[in-house]
Amino acid sequence: MVQRRNTRQRTLVAEAVSALHTHPSANDVYAYVHERDPHVSLGTVYRNLNLLAEEGKILEVHTPGGSHYDFRTDDHDHVVCTHCGSVADAGVSRHRSIDDDVEVNTGYRVTGHFTVFEGVCPACQAKQAAQAS
Ligand SMILES: [Zn+2]
Ligand SMILES: [Zn+2]
């Protein structure tokens, strides 16, 4: 019974990440899950997000403001809004040659890297433009 409940909560968390194509934070996922099952705690959401990320079923995106989660699990970089914290896919390809340069410079065997771009999102730009006029 406990097992079945865990599986259901896990499915709900996975469903939230695949439904929210906005790189949700744990709180965003919690809001989605909570609407469908008020008994699920934020701790449960965190635990399941970590498990799903470990299993490679979702991608954990590290940003200066905390972790966000992505239904897209292929290797890709992100851009973060410094005003509202929204996260979007950067849409650029990775430069693997940088990994080689770092290996040469440091002697580390580099297994990968991720880049977070920072900027102001289109919605915040529009708000700023509206305030300025
Ligand atoms: Zn923004
Ligand atoms: Zn993404």
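See above for the structure.
No experiment lies behind these values; they were computed from the predicted model shown.

K.L.:
Tell me about the coordination of the zinc ion (ligand 2), residues and numbers included.
P.N.:
Around the zinc ion (ligand 2), the protein supplies H23 (NE2), D70 (OD), H76 (NE2), H78 (NE2) and D89 (OD) as donor atoms, at distances of 1.9 to 2.2 Å. Read N to C, the donor residues that coordinate the zinc ion (ligand 2) are spaced as H-x46-D-x5-H-x1-H-x10-D. Residue D70 is found in strand 2 (residues 66–70), and its partner D89 is found in strand 4 (residues 87–89); the two are separated by 19 residues along the sequence. For D70, a relative accessible area of 1% translates into the label buried.

K.L.:
I'd love a proper account of the packing of aromatic side chains, names of residues and values included.
P.N.:
Counted by the stated rule, this structure contains zero aromatic pairs. The cationic tip of R36 hangs over the ring face of Y32; the distance from NZ or CZ to the ring centre is 3.6 Å.

K.L.:
Which residues make up the coordination of the zinc ion (ligand 1), and what are the values?
P.N.:
The zinc ion (ligand 1) binds to the protein through C81 (SG), C84 (SG), C121 (SG) and C124 (SG); the donor distances cover 2.3 Å. Given four donor atoms and angles of 106 to 112° at the metal, the environment of the zinc ion (ligand 1) is assigned as tetrahedral. Assessed through its relative accessible area of 9%, C124 is described here as buried.

K.L.:
If you had to explain the pairing of strand 2 to someone new, which residues and values would you point to?
P.N.:
Relative to strand 2, strand 1 (residues 59–63) is paired through five bridges, and the arrangement is antiparallel. Across the sheet, residue V61 finds its bridge partner in strand 2, namely H68. Adjacent in sequence and paired antiparallel, strand 1 and strand 2 are bridged by two residues.

K.L.:
Residue-level account of the nonpolar core, with values.
P.N.:
In terms of nonpolar packing, the biggest core is built from 15 residues, with V13, V29, V33, L49 and I58 touching the most fellow members. Elements represented by at least two residues in this core include exactly helix 1 (2–19), helix 2 (26–36) and helix 3 (42–54). If near-sequence neighbours (up to four positions away) are discounted, L49 is found in contact with V13, V17, A26, V29, I58 and Y69.

What counts and how
- Residues numbered from 1 in each chain as written.
- Chains lettered and ligands numbered in written order.
- Predicted model: local features only at pLDDT ≥ 70, side-chain atom pairs only at ≥ 80, totals over all residues.
- Heavy atoms only, no water.
- Donors = N, O, S within 2.8 Å, 3.2 Å for Na, K, Ca; no water.
- Helix = DSSP H or I, 4+ residues; strand = E, 2+ residues; numbered from the N terminus.
- Buried < 20%, exposed > 50% of the residue type's maximum accessible area, 1.4 Å probe, protein only.
- Phe/Tyr/Trp six-rings, centres within 6.5 Å; stacked < 30°, edge-to-face > 60°.
- Lys NZ or Arg CZ within 6 Å of the ring centre and 35° of its normal.
- Tetrahedral: all angles 85-135°; square planar, octahedral: opposite > 155°, others 65-115°.
- Pairing = 2+ DSSP bridges.
- Core = buried A, V, L, I, M, F, W, Y, C linked by side-chain atoms within 4.5 Å.
- Contact = heavy atoms within 4.5 Å.

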